[in-house]
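The chain contents come next:
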Amino acid sequence: MSNEELQRILRYYQDIGITDVYRKAGVVEGGSPTPAPRPVAEPVQVAAQPPKPTAPPPPPPPVIEQPTLIAMPPELPLPPLTPTNDTLDLIRADIGDCKRCRLHTGRKNIVFGVGNPETKLVFVGEGPGEDEDIQGIPFVGRAGQLLTAMIENTAQKEGIPLKRADVYICNVVKCRPPNNRTPEPDEMEMCGQFLARQLEVIRPKAICSLGGTATKALLGKKEGVTKLRGNWFKWRDFPVMVTYHPSYLLRSVAPTAKREAWEDLKKVLHFVYD
Ligand code: URA
């Protein structure tokens, strides 16, 4: 093969990207085979070529994190806050042997409520005292006797035939707080759902809120009873009259407090029964 022919072939190899060619061991052009000097083929360098631009390596495939599937427990059905076709019996049954808050530890009885479920007037107090805890009936101790006298005497004086048994009486919390302390906010909130259901079932024409705890639970007001008493407010759609708690009247030395409480009660009775 002529030199020119060889050059042409090499150029062709370069064009198609082959830069190394190998001479067969022991083969001499135009001659007979000779013993191979080395056992491996030896590269013959052709003209140095700039490296062919090669495509950048493809980016590694993105690592897709597999979500860890955590088995969730099925959602526990919660009782509706205001069940349809609610009744006082159903509410009492839902309270059951309640251990929802710490007040259950010291109670003897749950004090649910007492009176006429068809009444137009509901009285709401704070929570059972010792006598109420023993008997399981609200407002049966000294404060309760005063409340009963106030209701019946005021009604009689005002010409309204009304006995304690004709109204409904209940409390914000249904278990006696230790040493008659004021119920804590979480206790009021927990038990307040049952009070709300009681009021929604009875649907009275008016609610009489006795003292600061009941007023805070019903109206969320932070002002004291002295400021709020004698005025009408609303719990949902129900008119609420705020007045003093009978325990306060028993303790109070304020000469006006008892008279004011009687006036508040007169207002309520006339609003409901006239
Ligand atoms: N005080 C209350 O608030 N409720 C009762 O039942 C008795 C005393």
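Nothing here was measured: the structure is a model prediction, and the numbers come from that model.

Draft legend 1. Fine view of helix 4 (residues 142-157). The terminal C-alpha atoms of helix 4 lie 22 Å apart, and with 16 residues this matches the ideal 22 Å at 1.5 Å per residue to within 8%. Those residues of helix 4 that fall on the buried side of the exposure criterion are A143, G144, L147, T148, M150, I151, T154 and A155. All buried residues of helix 4 project into a common sector of 160° when viewed along the axis, lining one side. Of the exposed residues in helix 4, the ones pointing more than 90 degrees away from its buried face are R142, Q145, Q156 and K157. Buried positions along helix 4 lie against strand 4 (121-125), strand 5 (168-171), strand 6 (206-210), helix 8 (246-251) and helix 9 (255-273). Positive backbone phi, approximately 75°, marks G159, located one or two places after helix 4.

Draft legend 2. Here's a closer look at the sheet that holds strand 7 (residues 232-235). Taken in spatial order, the 6 strands of this open sheet run 3-5-4-6-8-7, and their pairing is mixed. Here the strands that pair on one side only, and so sit at the sheet edges, are strand 3 (114-115) and strand 7. Here strand 3 pairs with strand 5 via 2 bridges, running antiparallel. In the sheet register, G115 faces strand 5, and the bridge partner there is Y168.

Draft legend 3. Helix 9, seen in detail. Between its first and last C-alpha atoms helix 9 spans 29 Å; for 19 residues at 1.5 Å apiece the expected length is 27 Å, and the two agree. Three or more residues of helix 9 are buried, namely A257, E260, A261, D264, L265, V268, L269 and V272. Packing partners of the buried residues in helix 9 comprise strand 4, helix 4, strand 6, strand 7, strand 8 (238-243) and helix 8.

Draft legend 4. Summary view of the pairing of strand 6. Within strand 6, 5 of the 5 residues are buried, which leaves it mostly tucked inside the rest of the structure. Both faces of strand 6 are covered, namely the face carrying A206, C208 and L210 and the face carrying I207 and S209. Across 4 bridges, the pairing between strand 4 and strand 6 is parallel. Paired with L121 across the strands is A206, a residue of strand 6. Two strands pair when backbone bridges link them, and strand 6 and strand 8 are joined in this way by 4 bridges, in the parallel orientation. By the bridge assignment for strand 8, L210 is matched with T243.

Draft legend 5. Fine view of the packing of helix 5 (residues 185-202) against helix 6 (residues 211-219). At a closest axis distance of 11 Å, the pairing of helix 5 and helix 6 adopts a crossing angle of 75°. Our classification of the angle between helix 5 and helix 6 gives roughly perpendicular. Across from M188, L195 and L199 in helix 5, the residues of helix 6 making contact are T213, K216, A217 and L218. Along the lines of polarity and charge, the residues of the contact of helix 5 with helix 6 split into 5 nonpolar, 1 polar and 1 charged.

Scoring rules and cut-offs
Residues numbered from 1 in each chain as written. Predicted model: local features only at pLDDT ≥ 70, side-chain atom pairs only at ≥ 80, totals over all residues. Heavy atoms only, no water. Helix = DSSP H or I, 4+ residues; strand = E, 2+ residues; numbered from the N terminus. Expected span 1.5 Å × (residues − 1). Buried < 20%, exposed > 50% of the residue type's maximum accessible area, 1.4 Å probe, protein only. Arc of directions from axis to C-beta. Contact = heavy atoms within 4.5 Å. Pairing = 2+ DSSP bridges. Axes fitted to C-alpha atoms, helices over the stretch in contact; angles between N-to-C directions. Parallel < 35°, antiparallel > 145°, perpendicular 65-115°, else oblique. Nonpolar A, V, L, I, M, F, W, Y, C, P; charged D, E, K, R; others polar.

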